[in-house]
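Observations on the model geometry
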Amino acid sequence: MRSGERMAELLVVPALLAYGEAAFAYAGELRGPGLAGRLATWGVRLGWLAQTALLVGQAASVEGFPWGTWAGSLNLFVWLVVGAYLIWGCTPRYRLLGLTVMPIAVALLALAWAGGGTGLDENELSGAALAAHVALMLAGFAGLTLAAGMAALYVWQERRLKRHERRVLRVRVPPLDALDRLAARAIVGSIILLALGIGVGAASFERGDFDAAMAVTFLILANYCALLVLRHEGWRGRRAALLNLTGFALVAIVLPLTHFAG
Amino acid sequence: MKLTLAGVSHHNAPIELRERVALDLDACRALAQRLAQRLEGEAVVLSTCNRTELYLVREEHADDEAVDALVQLAGDRADDLAAALYRLRDEAAALHLFRVAAGLDSLVPGEGEILGQVRAAFEAGSAGPFLDRLFRQALHTGKRVRMETAIGESPASVPSAAAALAQQVFGDLTGHRVLLLGAGKISESAARNLRSRGAEIAVVANRTLAHGEDLARKLGASALALDAVATELERADVVVSATSASELVLSRESVAAALRARKGRPLLLLDLAVPRDLDPAINDLDGCFLYDVDDLEAVVTETLSGRRGEAARAEQLVAGEADRFREWQASLDIVPTIASLRALAEEIRDRELLKAGGRLSERERKHIESVTSQIVAKLLHLPTIRLKEAAAAADGVVYADVVKHLFGLEEEERRR
């Protein structure tokens, strides 16, 4: 492997450092808006640029689809999550969402690095259909991660409002109604992406029997569809947020175990 | 150019005096024009309910003119004015304006209205290059303080805390319906605060319908009897209650019944009455947030202490901006010296080139012209930088005098 390619691999280090700095700085933002928040936002931006360069380096160097392994998928997944967060995260009102998103991003990217998902090793998986399937599924799960971040923030802020915390107006948190609405929209978008991803996968690959990973994926889809229906019937606010977090627990814990362990 | 500020403010002038010297925007414009013409300089008049200040700029300080103008405004209260008047110059005046724009000199620290008032005064004033720079930087400072600190975000009164809580639940209040229970002054004050943030005051419910109708007319709402609010409870987003009833006006059961029709939409209830109007158990209902006066006062107390903490951070920002302005002002003093020095060097170069001109070919002349030009530029580069740096420090004037003396710039200027 050429030294230039090795250098590209090392881009994961600045990405991790910048994401880590952002996660740390968001905690400072809890004390009030100011320098910590701006440092956090710049950490997200710079880290995302470094990770983008890393992904470009991987795409340019590797034959076939570079993110077919579980660790590679995780790398791409983190990039999608942080990219989606950047859409909202840079506005002061939604900045605190980073408090729930960035620690997850740091942990998952570190895991991807440890698992070799940020390297430039050859991968036997290739093909446009696989790329589309993985990208759609990961984008869908990235959206669900964001929705879970919003739900966590909702539960936290709702609890503060219910308890009449004196400092409730000191920390700049997105309005409850907006968190509830945006989380629902993120779920709708994610369900569409997941459905498309499953469709591409089903149409393109020969699979064996109906396995645990597929069962869990359908369970996740069913859970989120049920959430949307119940929300329409009046299950809004805290109940919807808790259901959202339950669904994300399936995504975060069960799916990797069933999908990648094999 | 010298900056002079004279004015009175809420710190040391009672309202009787402040209203005497207060001016509307047209009067500020007219006075600024008169003063600028008389001084052959620049003038801006800032007048709000808390202060009236004159900012004047000309070659020398204009304290007398500024005081005279205020004395004329004060009329027969000129003696009181003398006791309350403050006068500031240059750096101190700039720092004062930056603090004013940042809301640090306001009655409620961090209040947001002052920034718009400073902008209006600037636009109505007769500002030249100096005051243009000063006021633009003041506006920039005010914006920075509001963006980089939380000083302006925290509510300073119970009605504004109530409105801020509504925004915390619903975000933008535009189109959100408010149900008022009670038609007294407290209800009205809270309603006006919510309406100023975009909320729609939909219904005023009062035990005496006629009183409710009066307030409803003022707020563009409809009126209801207090015992007929169940339907409106299903549609409202915010309920503000401030009746003088001695028993509960809304029970947990009546709100729970309305919640079924609300399809999970959150409901914020603000109980501003003592004794309380709303059953405290309402807060236990899913999607309901109930705040009474004590809760709101606790929030205000906390946010006011937060404002004081943020004010310390804001003061640092303002001091930094004031330093930047001082450096800019000092660089203005040194610019003529630098220009004279460069003009002298160019003049010497031209003279010597002229002397040698007859003995040189065209090609040689161009070559020597280029070389000498570079020598002059390189020789003066470092002194120019150092002079600008010295100008920003306290000893800038000394440096300028030394340069003038060493190079005979005064004689050169006189000769020219």
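Structure: see above.
Residues numbered from 1 in each chain as written. Chains lettered and ligands numbered in written order. Predicted model: local features only at pLDDT ≥ 70, side-chain atom pairs only at ≥ 80, totals over all residues.

**Some points on the overall build of chain B**
- Scanning chain B from N- to C-terminus turns up 16 helices and 10 strands.
- Looking at the 416 residues of chain B, the share that counts as buried comes to 42%.
- Sequence-distant contacts in chain B: of pairs separated by 6 or more residues, those separated by 24 or more amount to 70%. (Helix = DSSP H or I, 4+ residues; strand = E, 2+ residues; numbered from the N terminus. Buried ≥ 20, exposed ≤ 12 C-beta atoms within 10 Å, placed from the backbone. Contact = placed C-beta atoms within 7 Å.)

**Regarding the interface of chain B and chain A**
- Tallying the contact residues gives 28 residues for chain B and 21 residues for chain A.
- Elements with a minimum of two residues in the side of chain B that touches chain A: helix H8 (158–170), strand S10 (288–292) and helix H13 (293–357) of chain B.
- By residue number, the principal contributor to the side of chain B that touches chain A is H13(B), which donates 8 residues.
- Partitioning the side of chain B that touches chain A into residue classes produces 10 nonpolar, 10 polar and 8 charged. (Nonpolar A, V, L, I, M, F, W, Y, C, P; charged D, E, K, R; others polar.)

**Considerations on the sheet that holds strand S9 (residues 267–271) of chain B**
All names here are of chain B.
- Strands sit in the order S7-S6-S5-S8-S9-S10 across an open sheet of 6 strands; the sheet is parallel. The sheet terminates laterally at strand S7 (222–225) and S10, the two strands that pair on one side only. Taking the axes of each pair of neighbouring strands and ignoring which way they run, one obtains an average angle of 20° across the sheet.
- Direction of pairing for strand S8 (residues 238–241) relative to S9: parallel, over a ladder of 4 bridges. Bridging from a neighbouring strand, Val239 pairs with Leu269 of S9.
- The strands that helix H10 (residues 209–219) touches are strand S6 (200–206) and S7; relative to S6, the one it contacts most, it runs at about 170°. (Pairing = 2+ DSSP bridges. Axes fitted to C-alpha atoms, helices over the stretch in contact; angles between N-to-C directions.)

**Quick look at the packing of helix H2 (residues 12–29) of chain A against helix H3 (residues 35–61) of chain A**
Residues and elements named next belong to chain A.
- H3 packs onto H2 with a crossing angle of 160° between their chain directions and a minimal axis gap of 7 Å. When the interaxial angle is binned, H2 and H3 end up roughly antiparallel. H2 and H3 meet at a crossing whose hand is left-handed. Taken together, the residues of H3 that come into contact with H2 (itself represented by Val12, Pro14, Ala15, Ala18, Tyr19, Glu21, Ala22, Ala25, Tyr26, Gly28 and Glu29) are Ala36, Gly37, Leu39, Ala40, Gly43, Val44, Leu46, Gly47, Ala50, Gln51 and Leu54.
- Along the lines of polarity and charge, the residues of the contact of H2 with H3 split into 15 nonpolar, 5 polar and 2 charged. (Parallel < 35°, antiparallel > 145°, perpendicular 65-115°, else oblique. Left-handed = near helix turned anticlockwise from the far one by under 90°.)

**Concerning helix H3 (residues 63–74) of chain B**
All names here are of chain B.
- Taking 1.5 Å of rise per residue, 12 residues should cover 16 Å, and H3 covers 16 Å from first to last C-alpha, within 8% of that figure.
- Regarding H3, the residues found buried are Ala66, Ala69, Leu70, Leu73 and Ala74. Down the axis of H3, the sector holding all buried residues measures 140°, keeping them to one side. Those residues of H3 that are exposed and angled more than 90 degrees off the buried face are Asp64 and Gln72.
- One or two steps after H3, the chain reaches Gly75, where phi turns positive at roughly 60°. (Expected span 1.5 Å × (residues − 1). Arc of directions from axis to C-beta.)

**So, the nonpolar core**
- The biggest cluster of nonpolar side chains holds 133 residues, and the ones touching the most others in it are A:Ala105, B:Ala166, B:Val178, B:Leu179 and B:Val240.
- Element by element, the count of residues in this core is highest for helix H6 (residues 128–162) of chain A, at 17 residues.
- Sequence-distant contacts of B:Leu179, defined by excluding residues within four places in its chain, comprise B:Ala202, B:Val203, B:Ala205, B:Val229, B:Glu232, B:Leu233, B:Ala236 and B:Val239.
- Formed by 54 residues, the second largest nonpolar core is a distinct cluster that contains B:Val8, B:Phe98, B:Leu131 and B:Ala150. (Core = buried A, V, L, I, M, F, W, Y, C linked by C-beta atoms within 7 Å.)

**Quick notes on the environment of B:Leu250**
Residue and element names in this part refer to chain B.
- When you line up the elements, Leu250 lands in the loop between S8 and helix H12 (252–262).
- For Leu250, a count of 22 C-beta atoms within 10 Å puts it in the buried group.
- Residues Leu250 and Leu181 lie 69 residues apart in sequence; the distance between their C-alpha atoms is 9.8 Å.
- When residues no more than four places from it in sequence are discounted, the contact partners of Leu250 are Val255, Asp277, Leu278, Asp279 and Ile282.

**Regarding the environment of B:Asp294**
Residue and element names in this part refer to chain B.
- Here Asp294 shows up in helix H13.
- Judged by local crowding, Asp294 falls into the exposed class, with 12 C-beta atoms found within 10 Å.
- With 22 residues separating them along the chain, Asp294 and Leu272 place their C-alpha atoms 8.9 Å apart.

**Some points on unusual backbone geometry**
Residues and elements named next belong to chain B.
- A cis amide bond links Val274 to the next residue, Pro275, at an omega of 0°.
- Its place among the elements puts Pro275 in the loop between S9 and S10.
- A positive phi angle, close to 55°, is found at Glu40, a residue other than glycine.
- Look at Asp90: it is not a glycine, yet its phi comes out positive at around 45°.
- Within the element layout of this structure, Asp90 appears in helix H5 (residues 90–101).

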